[in-house]
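Chain and residue survey
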Amino acid sequence: MTLLWGFIKLTAKYELNDLEFWSEDKRFGLKIHRRKVSQLLKMCARAGVQETGGILVGFYTESHNCAVITAVSDAPSDSHSGHNWFHRGTNGLQRWLNHLWNREKQYYVGEWHFHPFFYPNPSQIDINQMQKIGDSYSYQCPEPLLLIISSDPTTQWDMKVYIFPRNHPLIELTRCS
Ligand SMILES: [Zn+2]
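If you're wondering where the values come from, they're calculated on a predicted model, not measured in any experiment.

**A few points about the overall build of the protein chain**
Within the protein chain one finds four helices and 10 strands. Reading the secondary structure of the protein chain in the N-to-C direction produces α-β-β-α-β-β-β-β-α-β-α-β-β-β. Out of the 177 residues belonging to the protein chain, those deemed buried represent 31%. Looking at the protein chain alone, contacts between residues at least 24 apart form 61% of all its contacts between residues at least 6 apart.

What follows is the structure, encoded as structure tokens:
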């Protein structure tokens, strides 16, 4: 409960902005509206001291270098998590993705994680999972993104974004806004 209140206070105290992240060479970018940032922070607050996560949905800009996030999922009901690990389930995701595709031509672009009381850096398990997704035929996403939120409710939340181009090491995108 204390943790939840800490988070609510934090989100109220710091005016949320639209966020933008880019790789150094500007080949890869991600934009996320403050409403989606706020939605993510609420889901993190609810998770408390457990990791949680979900998927990122959106579209790529015409120049194909920037993913615009338009929707974020909660953790599907068949997900499992502990203090420092998270296995995202799949319940309901395909139906939701079909709906967003048919209605708005929006699609899967990656994953988000919450690392409570830890750094917003991907674990080795995270890296393996993202590479698997990039290689998977069913995801149709050769460059999946991973957005990680970390927190220490006594200070502040932090957010980092990584892209996993197929057959290449991950690239960190730096916050520009
Ligand atoms: Zn993680």
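**Observations regarding the pairing of strand β10 (residues 171-175)**
Examined bridge by bridge, strand β1 (residues 19-22) and β10 share two bridges and lie antiparallel to one another. Within β10, the residue paired with F21 across the bridge is R175.

**Notes on unusual backbone geometry**
Within the chain, H64 stands out as a residue other than glycine whose phi angle is a positive 65 degrees. In this structure, F117 is a non-glycine residue whose phi angle is positive, near 55 degrees. With respect to the secondary-structure elements, F117 resides in the loop between β7 (107-116) and α4 (124-135). Taking the number of C-beta atoms within 10 Å as the measure of exposure, F117 has 13 and is therefore partly exposed.

**Focus on the nonpolar core**
Ranked by internal contacts, the top residues of the largest apolar core, which has 33 residues, are L30, L56 and L145. Elements represented by at least two residues in this core include exactly β2 (29-32), α2 (34-47), β3 (52-60), β4 (66-72), β7, β8 (145-151) and β9 (157-163). When residues of this core are assigned to their parent elements, the largest contribution, six residues, is made by α2.

**Quick word on the environment of L40**
In this structure, L40 sits in helix α2. Considering only alpha carbons, one finds L40 and S73, 33 residues apart in sequence, at a separation of 8.8 Å. When sequence neighbours within four positions are dropped, the list of residues in contact with L40 reads V72, W112 and I149.

**Things to note about the environment of G134**
Tracing the sequence through the fold places G134 in helix α4. Residue G134 is classed as partly exposed on the basis of its 19 C-beta neighbours within 10 Å. Note: C-alpha distance between G134 and F164 (30 residues apart in sequence) is 7.2 Å.

**A short note on helix α3 (residues 93-104)**
The end-to-end C-alpha distance of α3, which contains 12 residues, comes to 16 Å, matching closely the 16 Å that a straight helix rising 1.5 Å per residue would cover. In terms of residue burial, α3 counts as a barely covered element, since only zero of its 12 residues are buried. Once α3 finishes, K105 follows within two positions and takes phi at roughly 55 degrees, a positive value.

**Some words on the pairing of β1**
Examined bridge by bridge, β1 and β2 share four bridges and lie antiparallel to one another. Bridge pairing in β2 links L19 to I32.

**Concerning the sheet that holds β7**
Ordered in space as β1-β2-β4-β3-β7-β8-β9-β10, the eight strands form a closed barrel in which the pairing is mixed. Averaged over all pairs of adjacent strands, the angle between their axes in this sheet comes to 30 degrees, without regard to strand direction. α3 rests against β3, β4 and β7 of the sheet, and its axis sits at about 20 degrees to β3.

**Regarding the confidence of the model for the protein chain**
Considering every residue of the protein chain, the mean pLDDT works out to 90; 89% of them sit at 70 or more. Taken element by element, the protein chain is modelled with least confidence in helix α1 (residues 2-13), mean pLDDT 53, and with most confidence in β4, mean pLDDT 98.

**Considering α4**
Its 12 residues give α4 an end-to-end C-alpha distance of 17 Å, which sits within 8% of 16 Å, the value for a rise of 1.5 Å per residue. Along α4, the positions that sit buried rather than exposed are D126, Q129 and M130. Across the axial projection of α4, the buried residues extend over an arc of 100 degrees, all falling on one side. Facing away from the buried side of α4, by more than 90 degrees, are the exposed residues Q124, N128 and K132.

What counts and how
- Residues numbered from 1 in each chain as written.
- Predicted model: local features only at pLDDT ≥ 70, side-chain atom pairs only at ≥ 80, totals over all residues.
- Helix = DSSP H or I, 4+ residues; strand = E, 2+ residues; numbered from the N terminus.
- Buried ≥ 20, exposed ≤ 12 C-beta atoms within 10 Å, placed from the backbone.
- Contact = placed C-beta atoms within 7 Å.
- Pairing = 2+ DSSP bridges.
- Core = buried A, V, L, I, M, F, W, Y, C linked by C-beta atoms within 7 Å.
- Expected span 1.5 Å × (residues − 1).
- Axes fitted to C-alpha atoms, helices over the stretch in contact; angles between N-to-C directions.
- pLDDT = per-residue confidence, 0-100.
- Arc of directions from axis to C-beta.

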